[in-house]
Each structure stands twice: as C-alpha cells, then as structure tokens.
Amino acid sequence: MMTFEGSHILSVSQFDREAISKILSISAQMAPYAMRQKRCHVLDGAILNNLFFEPSTRTRVSFGAAFNLLGGFVRETVGEENSSLAKGESLFDTARVISGYSDVIAMRHPQMHSVSEFAKGSSVPVINGGDGANEHPTQALLDLFTIQSEMKPHGKTLDGINMTLMGDLKHGRTVHSLSKLLSLYQNVKVTMIAPNALQMPDNVIATLEDAGHQVILSDKIEGNLACDVIYQTRIQQERFASPDEAELYRGHFSLNKEVYRQYCKNHTVIMHPLPRDSRPEANELDNDLNDLENLAIFRQAQNGVLVRMALFALTLGVEEKLSQYEKSVCWYSAKALSL
Amino acid sequence: MMTFEGSHILSVSQFDREAISKILSISAQMAPYAMRQKRCHVLDGAILNNLFFEPSTRTRVSFGAAFNLLGGFVRETVGEENSSLAKGESLFDTARVISGYSDVIAMRHPQMHSVSEFAKGSSVPVINGGDGANEHPTQALLDLFTIQSEMKPHGKTLDGINMTLMGDLKHGRTVHSLSKLLSLYQNVKVTMIAPNALQMPDNVIATLEDAGHQVILSDKIEGNLACDVIYQTRIQQERFASPDEAELYRGHFSLNKEVYRQYCKNHTVIMHPLPRDSRPEANELDNDLNDLENLAIFRQAQNGVLVRMALFALTLGVEEKLSQYEKSVCWYSAKALSL
Amino acid sequence: MMTFEGSHILSVSQFDREAISKILSISAQMAPYAMRQKRCHVLDGAILNNLFFEPSTRTRVSFGAAFNLLGGFVRETVGEENSSLAKGESLFDTARVISGYSDVIAMRHPQMHSVSEFAKGSSVPVINGGDGANEHPTQALLDLFTIQSEMKPHGKTLDGINMTLMGDLKHGRTVHSLSKLLSLYQNVKVTMIAPNALQMPDNVIATLEDAGHQVILSDKIEGNLACDVIYQTRIQQERFASPDEAELYRGHFSLNKEVYRQYCKNHTVIMHPLPRDSRPEANELDNDLNDLENLAIFRQAQNGVLVRMALFALTLGVEEKLSQYEKSVCWYSAKALSL
C-alpha cells in the first residue's frame, strides 16, 4: 500500500482500493471528535497553511476546521491578488518559502496542474483542494465515504452499487473523480443523465467500462432514477451553446419531491457537491426535499471534515496516535446530543 | 429567565432585565482575563466561525479576540464575494454546512434579517454581529455595560440615568437598540439631539415613553448636555436631503473641550460607537478631548471583548466553569500592570 | 542595552551592536522549534494582531507562523478597504482599539511613517512589518542573521565582510536598512552595482563611509562579484525614466550560473529578499542557480521566522523562559529529519 506519511495528496489516481479503504476507515474514526463527544489534540502546535488562491467558503472552512479539530493552528491566504504570484514569482519559489512556515499545506488554485507544480517545491505534504478543471480529490473521497455510510443501513456496499450521475457531467470535475474512484470497485452500474452537449467525457466513461462496469447514457430522467444513489450537479446556463438549447432542457434535470416520489426507490439517496442554486431559473435540488431523510447533502458536507481530518492525520503520520491525545468536551454541543 | 445555553443571540428584544443582568455580570468576570492578570482556556479546542460578509475591523477582531481569550480557535470568512452566496446558495444551506464546522458562529451581513434567516439553518448558536440597518445587539450590550461601569464610581446605576443621544439618530442602529435596552430600567431620562430630518424614529421614542420614561427632542446642544452620559454618533453628509441642509447644521453637533466645559457636568461621560471621523468636515468628537478622563470611548471598545466573551461562555454553557480552567500569564503585559 | 520588553520595533536605527547581537542570538535559539525537533508553547493563550493593510503573503504568513510556533493565537486583518480607516478613523484611534484586543501587533501599511504613528496609540508592542518606502526592519535583521550564519562555515563574521548590493538600490528599502545595520560592524566593504539612475541614495552611502567603511559604486558586474555575499534585488521596468534606458540595461544585472562561474568566488553566497521575478523580461536570479548550495535565498526566507519569533519573545519578555515551555513533536516532519 502507498505510504501516506510525508506524501502529497494530489489526485484520485494515487489511490488503489486498499489506500481508499484506509482513508475511509480513519475518516470514520474522526466522527466522535467532529461530533464533539470528545476532542483530539494530537496536532497541538502544528501549522496548516491553507492557501486558497481561488475563493471558496465551504472547502476552505472545512480544511481549516478539520485541522483545528486535531488541535492544530491554521494560517490562511485567500485570493490571488494578495500574493506575490502577481509579481512574477514562480509556484516553485512560493512553495519553497511557504512550506518553510508550515507542517502541511492545503491548496486551491484556478489553474489546472498548478497544485502539482507547487508541490514539487514544497518540503511538506500538499493536499489538493481543487486545481481548476482538473481535480478535487478530497471531494471525491468524501463523496465515496458518503455513499458507503449512506448504504450501510441498507446492507449495501460500494461493490454492486447502482449510481446515477446527473447534471453537467462534461464540466463537473467532481463526477469525473468520483467515477474514477468507483471504477476500483466491483460490479458497479452507473447511469449518466445529462443534456447531450454536457454528457460525460469519453475518457471517464472508458475508465469505468474498461474496469468491467456497466455505463448507461441518457438525457432523460424517466426510468433512470430507480437507483441506490443519485449524485446531482448544477447546470450553469452559460455552459449551453445557445440560449435555445438552455431553454430546451430547462427544468428537465431538476429534482423535487414529486420527481422523487414518481421515479426513485424508497431508499434512493440524493447527493450534491453543493452549493445548490436555489434561484428559480436553476433549482436543481428543490427545497421541498429538505425534510426527506434520504437527502444526504448536509451529511455529505459534514463528511468533508472527517475525510480532511483523516488526510491530515495520515500525511503527518499520527493516525495511530489519536486516542493518546484525547480530552473531554466541556461546552454545550447539540451535535454530541444528536448522537 | 431565558436559557442561554444553545441559544442564538439575534436581537436586544430577546432580553429582559434579568437576562441583561446575567450578561453584564459574566462580562465583568471576564475582565481579569482580558487584562491579562490570568488567562482562561475553558474553550480550548472549540471552534468559532467568524462570518463577516460585510467589512468591519473592530467588531470582527473583537469577536475573534474574545474567543481566543477563552482558549478557542477562530476560522474567519471576510467579504461576500468570497462565499458561495454569490452562486445562488441560500442562507439556510450555508448555515447547515458551516454550522457543521463550528461550535458557535458570529455573523455580520449587510441585509436586514439575514442573520435570523441564517440562524434557522444553523445547528450551533449564532450571534448577530450586525445585520444591515436592523440590529447590532452586542454593541447595545457593551454600551449598556459601559454606562453601568462608568456610573459606578459616581454611585449611580442604570435606573435613574440621565442620557443624551446625539447625531444621526434616524439611521443609527446603535442608538435604536440602546434605547430599547434602556427602556427596561426605571426612571430614565433621554434627551435626543439631532438635525430635525435625522431625529429618532417614532417607534423607538414610543418604546421609551410607553415604559414610562421621559424623552426630550431637540436640534440644539445648548442646555441639553448637563447629563450623566452623552452618546455621540457620526452624521454622514450623504444622509442630509441636500447640501444646503448639511451646511446649515455643519459643526452644530460636534463635541470638543470647549463645548464640554461650557455645557456638561463634571462627571458627564462621553461615549461613541466608533469609528469617529477625524476629518475636518466631520470631527464629531474632537481629539482635544483625548486627555479627558470622562472620554470613555476606548474603555467602551475594550468592553466589547468582555461582553462577547460573556456571550460565548453563556451560549456554550461554560459560564460557571471559568475558574476551573485558569492559567497564569507568563508574558509581559502593560494591561496587567495598569490595574 | 535597550530594553526589549514592552518596546516597539519600528526602525533599524533603534539598535546598537549589542542589541542586534541579542536578537541574532535568540533567533538562533528558535531553530530547533522551527525545524520541528521540539516545540515551544511559551506564548500559549497570547494574541498577535497581524495588521496587513498592504498585501503580502510571505511576510504576513511568516509573522503568523512565528507566533503560532511559540504557541500563540493570530488574528489577521488583510487589506485597507476592509478597515475603518476608510471612514476617516485616525491611526491613533485604530491603535487604541485594536491594541486592547492584542498582546502584540505586527503591522504593514503602504504609507511611510504610518506604523510609528499607529504605535503612539498602542498599549502593546508594535513590530513594523514594512511602512511604504521607509523601513522593513525585520527584513534587515533576517538579512543580517543570514549573512552571519552563511559565513560561519567559512570562518568569517560580519566584521570584515565583503558585500555586494545589486539592482535597484535607489528604491530598495531592504538594501537601505541592511546598509545601516552593516555600518555598525568593523571593516566592511560594500560594492554597490546599479544602473546610474538607480544607484544608492547619498545618505545611505554616507552612513557607511562616516562609520569608516569602504564603498565602491559601479554600474557593471564585471570585477565586482568576487565577494563574500551578493545581495540581489529586483529592478522594476517602471522605475526607469524611459523605455530606452530600460532597454540599455536589460539583462546587465541578471545573475545566472554562467555569470556566477565567471565572476564569483567559490564561497560567494547569493541572497535576495524575494520574490524573484521569473518572467523572461526580468529574471534577475535565474532558476539555473537553484541547485547551487551557495544560493541562500530560501534559507534566508526561513530565517525570517526565527528572527520574528525572537522579536516576539523579546518584546513580550519571555526569551529566558523558552526551555520551560517545551513539548515534543509527535507528527512527521521532513524538516526535523533534514538536520
């Protein structure tokens, strides 16, 4: 199995099934800390540099909270115009310098492959928080963790899973990475529902088919939502070639209670990488689903903290030491009471 | 009395006299920590998400320092364009997600009622740091705390206080909230000095009068400054209907040493929510007052940390545990020496 | 010797040789903590307010990491438009308020003398992180620390050092401050290589000459690089009076492996305040030098953390207590292994 200690986390292609199993296992161990039943200070004194050269609230706060939840300090850089990168400094130089002030780095950058480029100059582990259209590996891992934990009460596992991916599959890096991870399992069925012009790229489909999985393509939801998990994504109007095309598909890929009742199974779980667009012209995931127990989107977002805590623990080699650094939580927490 | 533990702090209207008394009492208990005589780590490991969607330095830093002063970690989000709110995400969704990464949230947002809206989706206590023209409850509480502590040496209390509110009373949310809190006490006299067009709204005056207090309206300072406390506020030129009106009132509401000597009592205390505008065309609170002991504006700002520490302790249910989590301060502090 | 405890650090002119010796000595003591052999929590519970009204990544993160490395919390303000300064608040008022929320402040501001102005109102030590064209004292100190530590293996000290300063010496505040510090030593030789229009200001040259040191001025690199240390700086095209002049000097002040081999000594060390401009039209320090052991630029940047840790310890009076507050480092660190 790959060595996590001291390693960068840049791409889902780094992981085999064993490595993912390790990550998901450690992630589950983080739940009591995130739910405030107890707390862990194994990384007390450690420093994360959270470099978010591209704006994000959820992912940035999630990485920062994950590190604080292990007791560590967080230094943040938000936005590119504030950095020296504007003055012609290479990513390599920035990495050499900033890694000197860090124990680990999490980084998001608008350009593809920028994070790998940066990692070459870093003396500490770098975790890719998203590099443009390329990858967002921690999202893929938390998505996989979510599928696994949502299916557990139904006695199902990742092997044999029946997935539906929906929305803008052409541009969605989350569904690209998730598909690649799913291909590592057995007997997976993936139905891909998208406007024809926004269907999944061939290479992603090939990864699944080459691994022996069944892939179904469609531009209709009818008959395609009776699955274990629906992974919905946003379609941005600007992605359509023309306003006419946008108009043609308007509302055809929206999920709401009525669609769910008509086409889904009792146990069908709904996921979404968030944010969902609640404006009327988009509304891919209607608020009327908010009281549906199978709407997993917020448990999914919460799982992001568990996975990021796990990756910090693994890259810093402390995953076996968690229980040695525990303390009680002395403040009021509704989370702890909800368990 | 209201239950603080697990509660949101959204509006001054939540508090009766007993609740305020509790808040002010716990705030006073925080002084030794803020003045570095000793330190408290009761919230060691806890996470505050400081969401400042509208710029602020003082309030934001004050909330963050208050949480650090109890030993907790702070994650910050500054400015709205950096958040997912720009992509059509509802406040409810943002709250569901971010509260999963928090033990408590402090939030400022430019739109009225946005913080209450957000709080509906939050699984942790939300403290309103200011929601547009609506409310800024922690400012009102620190203002009340300041009046109480400034009056103590003179043997006066909030009951029977003789207040003067000055400046732009129409738009100033601080004086609106302060008036509502003052109405809970006994035998209060409030003189409101403002340009006619910027006088206090009727509903605020009514709150005081309905509670039996005396309210005097004026657009002149002469004869109206012989009180216990003057609460001065800034008048922004743009608030006047016309430049002529601005010109008419220019300088009429400025306080300086000469005005103080001429119209105030020996013990009259001056307060101001800050920032004060030191540019010549504004200058509502002249720098020549800086050496006046009764200029309370900086003690007032400092009290903000005490009140915010108290609210964090109360909403997280640790106000009875402070002394169990004390440590000494081993570094140099002029604050500790000033006591 | 000057008293550090409770003092501001505003200008290199505050320091005599003895004070600098103290700073460099404490800086060296910080190395085991920065290199993660062990950690120090002497400032556990203390609060640094990192006020960066002018963008910077390296200096800001360096100050923040330095404070975390001593166990303290960091509150940050980045950019001026977010502050109350836009609303006419004086630096004095901002200092009175923010220092109430701090144990120490580090500040960068685009205007000359702004930090000293601010410091007048602060109740806690203020460390100047750069005030416009005026000073950047911590950079000068880390530069001096670097020269000293780079020369140690060669049996050389700051006394008798043979320095070359290159680039835009007219506008470079780093070389101004460094020159002033060097003048405190004995028998220093400084060669200043710059385009004529960008040569070192007379007052800086005078400081060195009045202290008895030799100063050579040139606009050519030939024959001027056989020294102990070359301190290279960036020349910004906009600094030239005309594009013709820029064109005249293009590439004449660039350092690369070939120039090094031709003109430098075996032990000549190269320094640069960073960032270096890697774009072709600038490229004052070519990447082909990256594998040269004598390229000290990244050790130099790392030394910034040591010097800032030392200044925090000194101004907060804990420099004698470091060893009483040590803990082990339980996570993986390539830095510790590299020692």
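Residues numbered from 1 in each chain as written. Chains lettered and ligands numbered in written order. Predicted model: local features only at pLDDT ≥ 70, side-chain atom pairs only at ≥ 80, totals over all residues. Heavy atoms only, no water.

Under the annotation held in an unreviewed UniProt entry, chain A carries the name Aspartate carbamoyltransferase and is attributed to Thalassotalea insulae. The Catalytic activity (unreviewed entry) field of the UniProt record for chain A holds the comment "carbamoyl phosphate + L-aspartate = N-carbamoyl-L-aspartate + phosphate + H(+)". Recorded under Pathway (unreviewed entry), the UniProt text for chain A is reproduced unchanged: "Pyrimidine metabolism; UMP biosynthesis via de novo pathway; (S)-dihydroorotate from bicarbonate: step 2/3." (UniProt positions renumbered as here; feature names shortened; annotations may be inferred.)

1. Topic: unusual backbone geometry
Here Leu274(B) and Pro275(B) are connected by a cis peptide whose omega angle stands at 5°. Its place among the elements puts Pro275(B) in the loop between strand S10 (269-271) and helix H11 (297-315). With a phi close to 70°, His113(B) is a non-glycine residue in the positive phi region. Mapped onto the fold, His113(B) is located in the loop between strand S4 (104-109) and helix H5 (114-119). The exposure class of His113(B) is partly exposed, given its relative accessible area of 46%. The phi angle at Asn187(C) is positive, at roughly 55°, despite the residue not being glycine. Relative to the helices and strands, Asn187(C) is located in the loop between helix H7 (173-182) and strand S7 (189-193). With relative accessibility at 64%, the residue Asn187(C) sits in the exposed group. (Helix = DSSP H or I, 4+ residues; strand = E, 2+ residues; numbered from the N terminus. Buried < 20%, exposed > 50% of the residue type's maximum accessible area, 1.4 Å probe, protein only.)

2. Considering the pattern of salt bridges
Tallied over the entire structure, the rule returns 51 salt bridges over all chains. Lys38(B) serves as the salt-bridge partner of Glu326(B), at 3.1 Å between the closest nitrogen and oxygen. Taken as a pair, Glu326(B) in strand S11 (residues 326-327) and Lys38(B) in the loop between helix H2 (31-34) and strand S1 (39-40) lie far apart in primary sequence, 288 residues in all. We note a salt bridge from Lys220(C) to Asp219(C), for which the minimum N-O separation is 3.5 Å. Linked by salt bridges that have partners in common, Arg39(A), Lys327(A) and Asp44(B) make up one network. (Salt bridge = Lys/Arg side-chain N within 4 Å of Asp/Glu carboxyl O.)

3. Brief notes about the packing of aromatic side chains
Residue and element names in this part refer to chain A. Considering all chains together, one arrives at 15 aromatic pairs over all chains under this definition. Between Phe-67 and Phe-312, the aromatic rings sit 4.9 Å apart at their centres with planes inclined by 80°, giving edge-to-face as the arrangement. Separated by 245 residues along the polypeptide, Phe-67 in helix H3 (residues 58-68) and Phe-312 in helix H11 (residues 297-315) bring together distant segments of the chain. Comparing Phe-67 with Phe-312, the two get one shared label, buried. (Phe/Tyr/Trp six-rings, centres within 6.5 Å; stacked < 30°, edge-to-face > 60°.)

4. Regarding the relation of the copies chain C and chain A
Once chain C has been moved 0.0 Å along the axis and rotated by 120°, it coincides with chain A to within an RMSD of 0.0 Å. The symmetry that links the two subunits is that of a three-fold axis. For chain C, the minimum C-alpha distance to the rotation axis belongs to Phe73(C) and amounts to 4.6 Å. Each copy contacts the other with its own distinct surface, as only 5% of the interface residues of chain C are interface residues in chain A too. (Least-squares fit on C-alpha atoms with pLDDT ≥ 70 in both. Contact = heavy atoms within 4.5 Å.)

5. Examining the interface of chain B and chain C
Contact with chain B, which involves 37 residues of that partner, is made by 39 residues of chain C. When the two sides are added together, the surface that chain B and chain C hide from each other amounts to roughly 3200 Å², 52% of it contributed by carbon and sulfur. Looking only at chain B, the three residues that lose the most surface to chain C are Cys330(B), Trp331(B) and Tyr332(B), adding up to 20% of its buried area. Linking chain B with chain C are six salt bridges, by the criterion used here. Arg39(B) is the partner of Asp44(C) in a salt bridge, and the nearest nitrogen-oxygen pair spans 2.9 Å. Run the count over chain B and chain C and you get 15 residue pairs in polar contact (both at pLDDT 80 or more). Counting residues per element, the side of chain B that touches chain C draws most heavily on helix H3 (residues 58-68) of chain B, which supplies seven residues. In the side of chain B that touches chain C, the residues fall into 16 nonpolar, 10 polar and 11 charged. (Buried area = accessible area lost by both parts, 1.4 Å probe. Polar contact = N/O pair within 3.5 Å; in protein donor to acceptor, adjacent residues only side chain to side chain. Nonpolar A, V, L, I, M, F, W, Y, C, P; charged D, E, K, R; others polar.)

6. Description of the UniProt feature "domain: Aspartate/ornithine carbamoyltransferase Asp/Orn-binding" (unreviewed entry) in chain A
Under the feature "domain: Aspartate/ornithine carbamoyltransferase Asp/Orn-binding" (unreviewed entry), the UniProt entry names residues 159-314 of chain A. From the first C-alpha to the last, residues 159-314 of chain A spans 25 Å; its make-up is 33% helix and 14% strand.

7. Looking at the pairing of S7(C)
Residues and elements named next belong to chain C. Burial analysis of S7 places four of its five residues in the buried class, which makes it a mostly covered element. Direction of pairing for strand S6 (residues 162-166) relative to S7: parallel, over a ladder of five bridges. Paired with Thr-164 across the strands is Thr-191, a residue of S7. Here five bridges tie S7 to strand S8 (residues 214-218), and the two strands are oriented parallel to one another. Within the sheet, the bridge partner assigned to Val-190 lies in S8 and is Val-215. With helix H8 (residues 202-210) bridging S7 and the parallel S8, this β-α-β connection has right-handed handedness. (Pairing = 2+ DSSP bridges. Right-handed = clockwise from strand over helix to strand, strands pointing away.)

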